[in-house]
Amino acid sequence: MLAPDNALIAVHLGHVLRQLGRPAEAKVQFLAAIEMAASEEGHYGLGLVYQDLMDLPRAETSYGAALARNRGHLPAILALARLYNFTNRPEKALGLLANTATTEVVLAAAIEHARGTAFLATGQNEAALECFERAIALRPDHIEAAHSRAIALQSVNREEDALTGFRLVVKKNPADLAAHHNLNQLLYRLKRDDEFLRSYDEAAAQFPGAPHFALAKAAFLVRNERPAEALELYEQTLKLAPGEPIVLQGRAAAQLKLHQVDAAIASYEEGLKRSPQDINMLTGVAAAYLISRAPKKAEAAALKALQMAPEDQTGLSLLGTAWRLMEDGRDDELNRYDEFVQTFDLEPPSGFSDMAAFCAELDSWLDSQHSDDREHIDQSLRGGTQTIGNLFRNGRNTLLDGLRLRIEEAVRRYIAGLPRDERHPFLRRRRQDFQFAGSWSSRLKDRGFHTNHVHPAGWISSAFYVALPETTLDSNAREGWIKFGEPSYDVGLREPTRRAVQPLVGRLVLFPSYMWHGTVPFHAQRSRTTIAFDAVPVG
């Protein structure tokens, strides 16, 4: 058997090969090192290679093997914690990093950053901010920690400090597209229109010929209802990246906004020739087919998307719309508007005698959470604001904790009442247990509304009414009511709304996440405040 020194050489060679972008050869060296001397270093290096290859289960196993041999191996601890964060298991990351410390500055800064990332993911924003600031104190050049700090500042409603942080990151690393995105999202919400999207132009000037900045800016322009400008950028980008599917998809979206439906279909179809398995391209062309009154083509595209992703909520919404245009009853079976849309007038949480008093106090607390000047540019809300982060994080607020218990009771009753049907895309996901995939509060102001939309990340979606203007009481005008069945684009339906539900303070409305829904605009001085969430099955 070879001496352990040879195993150490194999480990070093494996790291060199990995840095050179030769993971297959690096893997051979780490496996050889493990065979020669089953040390933690070989397993750690092998885990890095597996993670580079996105074989995350094997990466996790390898890091675990390294720690089984040496529980104090800090690089393996850090790598495994980062993997937990990446795979949405921040609690496990925090447990792993508990009491982990070192005097080595670079490693200590990385540990603080990983710990802060986990805190941020669990909604412990102040703790996350402290971690990021410690990481920066250890390593002032830690640009990732600076970016994370800006995100944390935004999460604790320190928007001006967050803007300063995002600007600094973009200045130091102008190629960081994520930082550009976060900066411009915040600029839009704060109505800094003179600076909005400027960072993309400045970065493009530093990197002439790079298409990424024009592509990212164009996506913002489409959402900002400036499709003509977006289309011009997409055409320019296609000259730099001919036939690139993501650019063709963006061009198609801009063309649809400009009512150039045939051109949009041609863009989508060209993109699908190059990327036939692209689900977003398939659902995009399905929507374009619907607008062009070609429901059979839309059905085929949506079904192809659903073959690859059976639970894709956008695909299901488009499929239902195609069936509705065919007028053969399958949309009614999919959506079952009278059965699947249900209302629950909740009992007040413990400590309150009536729901009106509870909601009044909750609305007052929500004032502190609605600190933006405008809505998120990529969300359904128009004329109002929406909170950031997970509203239902345990311990965030006692009022929310009490409401969450009442909501969980209602969701369980809703699920229990659903029939079993393995052939139905909504009912086949029915499980006894569920968890929240996201939760937030929306506040609409005078003339505000939600555009018609679906919730791609959910199974069951919702609206809980905290505060309402008096205009919602008028059952003829239906101002501020939630409506179901109307798509987000004109497909020629004579009566697009299939059902409308009157909001009442303390009322919870539950419905499938793929069901089209939006709100009727209202005209009143008092705001319309809601809490919403997506629930997904567990088990």
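Reading the values: rules and limits
Starting from 1, residues in each chain are numbered consecutively following that chain's sequence as written. With pLDDT at 70 or above as the cut-off, local features in this predicted model cover only qualifying residues; side-chain atom pairs require 80 or more to be listed or tallied, and sums for whole chains, interfaces and linings still use all residues. Excluded from the side-chain calculation are hydrogens and water; included are all heavy atoms of the structure. Helix and strand assignments come from DSSP, with helices taken as H or I runs of at least 4 residues and strands as E runs of at least 2, each series counted from the N terminus. Contacts are assigned to residue pairs with any non-hydrogen atoms lying within 4.5 Å of each other. For salt bridges, the criterion is a side-chain nitrogen of Lys or Arg within 4 Å of an Asp or Glu carboxyl oxygen. Each residue's exposure class comes from its accessible area (1.4 Å probe, protein chains only) as a fraction of the maximum for that residue type: buried when under 20%, exposed when over 50%, partly exposed otherwise. Here, nonpolar core refers to any group of buried Ala, Val, Leu, Ile, Met, Phe, Trp, Tyr and Cys residues whose side-chain atoms link them within 4.5 Å. When two rings of Phe, Tyr or Trp (its six-membered ring) have centres within 6.5 Å they constitute a pair, described as stacked for plane angles under 30 degrees, edge-to-face for angles over 60, and tilted for the intermediate range. Think of it this way: DSSP has to see at least two bridges between two strands before they count as a pair. Structural elements are reduced to axes, namely lines fitted to C-alpha atoms, with helices fitted over the stretch in contact, and the angle between N-to-C directions of any two is expressed from 0 to 180 degrees. Using protein atoms alone on a 1 Å grid, points that fit a 1.4 Å probe yet trap it form a cavity, whereas open point sets bounded by protein on both sides within 12 Å along at least five of seven lines form a pocket; residues with an atom within 4 Å of a point count as lining. Grid points are joined across faces, edges and corners, and a volume is the space filled by probe spheres set on the points. Given a helix with a known number of residues, its expected span is that number minus one, times 1.5 Å. Think of the arc as the fan of directions from the helix axis to the C-beta atoms.

Enquirer: How would you explain the environment of Val-538 if you had to name every residue and give the values?
Expert: Considering the arrangement of structural elements, one finds Val-538 in strand E9 (residues 528–538). With 107 residues separating them in the primary sequence, Val-538 and Arg-431 have C-alpha atoms 6.7 Å apart. Setting aside chain neighbours within four positions, we find Val-538 in contact with Arg-431, Asp-433, Phe-434 and Gln-435.

Enquirer: Kindly report on the pattern of salt bridges, identifying the contributing residues and their values.
Expert: Throughout the structure, instances matching the rule amount to 35 salt bridges. Of the charged contacts in the structure, one is a salt bridge between Asp-201 and Lys-217, with a shortest N-O distance of 2.9 Å. A residue pair is termed long-range when its members are at least 10 positions apart, and Asp-201 in helix H12 (residues 198–206) and Lys-217 in helix H13 (residues 212–223) qualify at 16 residues. Accessibility expressed as a relative area gives 41% for Asp-201, which makes it partly exposed. Lys-217 gets classed as buried once you look at its relative accessible area, which sits at 16%. One salt bridge in this structure joins Asp-363 and Arg-443, with 2.7 Å as the shortest N-O distance.

Enquirer: Any details on the nonpolar core? Residues and values, ideally.
Expert: Soluble globular proteins tend to bury their nonpolar side chains together. Among the nonpolar cores identified, the biggest contains 79 residues, and Leu-362 and Ile-531 are the most heavily contacted of them. Ranked by residue count, the leading element in this core is helix H17 (residues 279–291), at 9 residues. Excluding its chain neighbours within four sequence positions, the residues that come into contact with Leu-362 are Leu-399, Leu-400, Leu-403, Val-466 and Ile-531. The next biggest cluster of nonpolar side chains, apart from the first, holds 76 residues, and it includes Leu-78, Val-222, Leu-233 and Leu-238.

Enquirer: I'd love a proper account of the packing of aromatic side chains, names of residues and values included.
Expert: According to the stated counting rule, one finds 16 aromatic pairs in the structure shown. When the ring of Tyr-200 is compared with that of Phe-220, the centres are 6.1 Å apart and the planes differ by 45°; the resulting orientation is tilted. Pair noted here: Tyr-200 is in helix H12 and Phe-220 is in helix H13, with a separation of 20 residues, a long-range link. Aromatic side chains Phe-352 and Phe-358 sit 5.2 Å apart centroid to centroid with 80° between the ring planes, which places their arrangement in the edge-to-face category. The class for Phe-352 is partly exposed, based on a relative accessible area of 23%.

Enquirer: An account of the side chain of Asn-125 is requested, with residue identities and associated values reported.
Expert: Locating Asn-125 in the fold gives a position in helix H8 (residues 125–138). The exposure class of Asn-125 is buried, given its relative accessible area of 16%. In this view, Asn-125 contacts Leu-120, Ala-152, Ser-155 and Val-156; residues no more than four positions away in its chain are not counted.

Enquirer: Residue-level account of the sheet that holds strand E1 (residues 342–345), with values.
Expert: One open sheet accounts for 6 strands, arranged E1-E7-E4-E9-E3-E2; its pairing is antiparallel. The outermost strands of the open sheet, each flanked by one partner alone, are E1 and strand E2 (381–386). Here the average twist between neighbouring strands, direction ignored, is 30°. Here 5 bridges tie strand E4 (residues 460–467) to strand E7 (residues 507–512), and the two strands are oriented antiparallel to one another. In the strand pairing of E7, Ile-460 is matched with Pro-512. In the packing of helix H22 (residues 355–366) onto the sheet, contacts are made with strand E3 (433–450), E4 and E9, and the angle to E4 comes to roughly 95°.

Enquirer: Explain the layout of surface pockets to me, and be specific about the residues and the numbers.
Expert: Over the atoms, a rolling probe the size of a water molecule traces out where space has been left empty. There is about 1,400 Å³ of room inside the second largest pocket. What lines the second largest pocket is a set of 38 residues, among which Leu-120, Ala-121, Gly-389, Asn-390 and Ala-437 lie closest to the centre. Contributing elements (two or more residues each) for the lining of the second largest pocket: helix H6 (90–97), helix H7 (105–121), helix H9 (143–155), helix H11 (177–189), helix H23 (398–416) and E3. Here the lining of the second largest pocket takes 6 residues from E3, the largest share from any one element.

Enquirer: Account for helix H2 (residues 23–36), naming residues and giving values.
Expert: The end-to-end C-alpha distance of H2 is 20 Å, a good match for the 20 Å that 14 residues give at a rise of 1.5 Å each. Buried within H2 we find Ala-26, Phe-30, Ala-33, Ile-34 and Met-36. Summarising the axial view, the buried residues of H2 lie within an arc of 165°, below the 170-degree limit, and thus occupy one face. Opposite the buried face of H2, by more than 90 degrees, sit the exposed residues Ala-24, Val-28 and Glu-35.

That is the geometry; function is a separate question.
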